[in-house]
Amino acid sequence: MPFTVSSIDDSLVAALQHKIDRKTKPLGALGLLEKLALQVGRIQKTLSPELGEAQMLVFAADHGAAKAGVSPFPQDVTWQMVENYLAGGAAINVFARQNKIRLHVIDAGVAHDFGERDTLINAKISPTGTRNYLDEPAMSAAERDAALQKGREIAHRVADSGARVFAFGEMGIGNTAAAALITSQLTGTPLIDCIGRGAGLDDRGLEHKRALLQRAATRAALPADAAALDVLAEFGGFEIAMIAGAMIGAAQRGGLLLIDGFIVTAALLVAERIAPAVRDYCVFCHHSAEPGARAQLKALAAEPLIDLGLRLGEGTGAALAWPLVQSAAAFLNEMASFESAGISEKEARG
Ligand SMILES: O=C(O)c1ccc[n+]([C@@H]2O[C@H](COP(=O)([O-])O)[C@@H](O)[C@H]2O)c1
Ligand SMILES: Cc1cc2nc[nH]c2cc1C
């Protein structure tokens, strides 16, 4: 089946936990890093995992609803920021360079013709972005399926190059609105609690966004138990659909998935409904300041690694958390045990 994911292996849990517990530290003293080390060992089915170079996949697309005023920025900022990624000047370029992460920029449906570009993956589902969900579904079932399939293919291609760590980022003016609609529907959280200021709406702008999204939800009139695939087609966007497909593809290849902020987590809510085991492969990198992140993290029982008040997207939270993930593998591989260091356990543990 193209979109099925296997649960992670539990045969090494006891051996990994034993290795973690024999390290020269009080039991559990490395906190969340210990859970992470266990998870990485289980995913890679080894007591000595190797992470290699992380791959950051930034998916960009435009949203029909952007023109209705769900964002403080004009739609053109999506393609302009893609140019910024290609030129190396955005925050994600800086953090990726700093932390030695390889960046892949994917056009999932930006309303702009970039021409032939060596460094941009052209995976456009539509040359104009999604349709406006205030009037009609954002995408057709065929477009949605193409986006999921393309995302899966891209992740498999990156995995073919030997990658084991996949980080996800996005760019799309208006995509916090789509993510809010998806999050509300898939977590059963009131829409009002999922809507935030996005790229910086003022109070009036936020009121307007709330009214528009309420209208969109009323028009779509999805039942509470609507299928995730229907929710995705209704509200979009192409970058969200492609990320969901790429997450499933990366998990199918035994990758570790670095989850960024509000929009990437909305994509995960969709992916997890399609293939529940995808959750096993995820590291929740940060707690986005967008208010709907709270409902997402609760629904996924996620414990994010950092909480810096970030609300940028682009994969920046994942890029910043990457050194912590590397530290989890490093302590598992390199730290001395009580035996190897000749430390008396009783004395060491009081
Ligand atoms: O990832 C997040 O948590 C996040 C929170 C707020 C805004 N963003 C970014 O801001 C853009 C969307 O904001 P908006 O107001 O246009 O919906 C989009 O390009 C996202 O990458 C991202
Ligand atoms: C300038 C700008 C940069 C971004 N990066 C991700 N989303 C963004 C939104 C805006 C508006």
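Residues numbered from 1 in each chain as written. Chains lettered and ligands numbered in written order. Predicted model: local features only at pLDDT ≥ 70, side-chain atom pairs only at ≥ 80, totals over all residues.

**Q** Describe in detail the site of ligand 2, supporting the description with residues and values.
**A** Surrounding ligand 2, one finds Phe 73, Val 77, Met 81, Met 171, Ala 199, Leu 312, Gly 313 and Glu 314. Residues belonging to the shell around ligand 2 are distributed by class as follows: six nonpolar, one polar and one charged. (Near = placed C-beta within 6 Å. Nonpolar A, V, L, I, M, F, W, Y, C, P; charged D, E, K, R; others polar.)

**Q** How would you summarise the site of ligand 1 if you had to cite specific residues and measurements?
**A** In the neighbourhood of ligand 1, 22 residues make up the surrounding shell, with Ser 71, Gly 198, Gly 261, Ser 288 and Gly 313 lying closest. Put simply, the parts of the chain that give the shell around ligand 1 at least two residues each are strand S4 (165–171), helix H6 (175–187) and helix H10 (262–274). Of all the elements, H6 adds the most residues to the shell around ligand 1, at three residues. Residues belonging to the shell around ligand 1 are distributed by class as follows: eight nonpolar, nine polar and five charged. (Helix = DSSP H or I, 4+ residues; strand = E, 2+ residues; numbered from the N terminus.)

**Q** Which residues make up the pairing of strand S5 (residues 256–259), and what values go with them?
**A** Burial along S5 is two-sided: Leu 256 and Leu 258 facing one way and Leu 257 and Ile 259 facing the other are all buried. In this structure, S4 lies alongside S5, joined through three bridges in parallel fashion. Residue pairing for S5: Val 165 is matched across the bridge by Leu 256. Each parallel crossover has a hand, and the one from S5 via H10 to strand S6 (residues 282–284) is right-handed. (Buried ≥ 20, exposed ≤ 12 C-beta atoms within 10 Å, placed from the backbone. Pairing = 2+ DSSP bridges. Right-handed = clockwise from strand over helix to strand, strands pointing away.)

**Q** Got a sec to walk through the UniProt feature "active site" (unreviewed entry) in the protein chain? Specific residues and values, please.
**A** As annotated in UniProt, the feature "active site" (unreviewed entry) corresponds to Glu 314 in the numbering used here. Ignoring sequence-local partners within four residues, the contact set of Glu 314 consists of Val 58, Ala 90, Ala 91, Ile 92, Gly 169 and Met 171. (UniProt positions renumbered as here; feature names shortened; annotations may be inferred. Contact = placed C-beta atoms within 7 Å.)

**Q** Requested: an account of helix H8 (residues 228–235), with residues and values cited.
**A** Of all the positions in H8, only Val 231, Leu 232, Ala 233, Glu 234 and Phe 235 are classed as buried. Among the residues trailing H8, Gly 236 stands out with phi positive, at a value near 75 degrees.

**Q** How would you explain the nonpolar core if you had to name every residue and give the values?
**A** Soluble globular proteins tend to bury their nonpolar side chains together. Grouped together as the largest cluster of nonpolar side chains are 105 residues, with contacts concentrated most on Met 247 and Leu 258. Ignoring anything within four residues of it in the chain, the contact list for Met 247 reads Phe 168, Leu 257, Ala 267, Leu 268, Ala 271 and Val 278. (Core = buried A, V, L, I, M, F, W, Y, C linked by C-beta atoms within 7 Å.)

**Q** Give me the lowdown on the sheet that holds strand S3 (residues 120–122), citing residues and values where you can.
**A** Spatially, S3-S2-S1-S4-S5-S6 is the arrangement adopted by the six strands of the open sheet, whose pairing is parallel. For this open sheet the edge positions go to S3 and S6, each flanked by a neighbour on one side alone. Each strand axis lies, on average, 25 degrees off the axis of its neighbour in the sheet, ignoring direction. Relative to S3, strand S2 (residues 102–109) runs parallel, the two being bridged by three bridges. Looking across to S3, one finds that Val 105 is bridged to Leu 120. Against the sheet, helix H12 (residues 316–334) makes contact with strand S1 (54–61), S4, S5 and S6, and its axis sits at roughly 135 degrees relative to S5, the strand it touches most. (Axes fitted to C-alpha atoms, helices over the stretch in contact; angles between N-to-C directions.)

**Q** Go over the confidence of the model for the protein chain, please, and point to the residues and values.
**A** With 99% of its residues at a pLDDT of 70 or more, the protein chain has an overall mean of 97. For this predicted complex, the interface confidence comes out at an ipTM of 0.99, alongside a pTM of 0.98. (pLDDT = per-residue confidence, 0-100.)

**Q** Any details on unusual backbone geometry? Residues and values, ideally.
**A** For the bond running from Gly 236 to Gly 237, omega is -10 degrees, close enough to zero to count as cis. The topology assignment puts Gly 237 in the loop between H8 and helix H9 (238–252). At Ala 221, a position not held by glycine, the phi torsion is positive, near 45 degrees. Along the chain, Ala 221 falls in the loop between helix H7 (203–220) and H8. Accessibility expressed as a C-beta count within 10 Å gives 8 for Ala 221, which makes it exposed.

**Q** Lay out the packing of H9 against H10 in plain terms, naming residues and giving numbers.
**A** The geometry of H9 relative to H10 is characterised by a closest axis approach of 8 Å and an angle of 55 degrees between their N-to-C directions. Accordingly, the angle class assigned to the pair H9 and H10 is oblique. For the element pair H9 and H10, the recorded crossing hand is right-handed. Contacts between H9 and H10 involve Ile 240, Ile 243, Ala 244, Met 247 and Ile 248 from the first element and Ile 263, Val 264, Ala 266, Ala 267, Leu 268, Val 270, Ala 271 and Ile 274 from the second. Split into classes, the residues belonging to the contact of H9 with H10 amount to 13 nonpolar, no polar and no charged. (Parallel < 35°, antiparallel > 145°, perpendicular 65-115°, else oblique. Left-handed = near helix turned anticlockwise from the far one by under 90°.)

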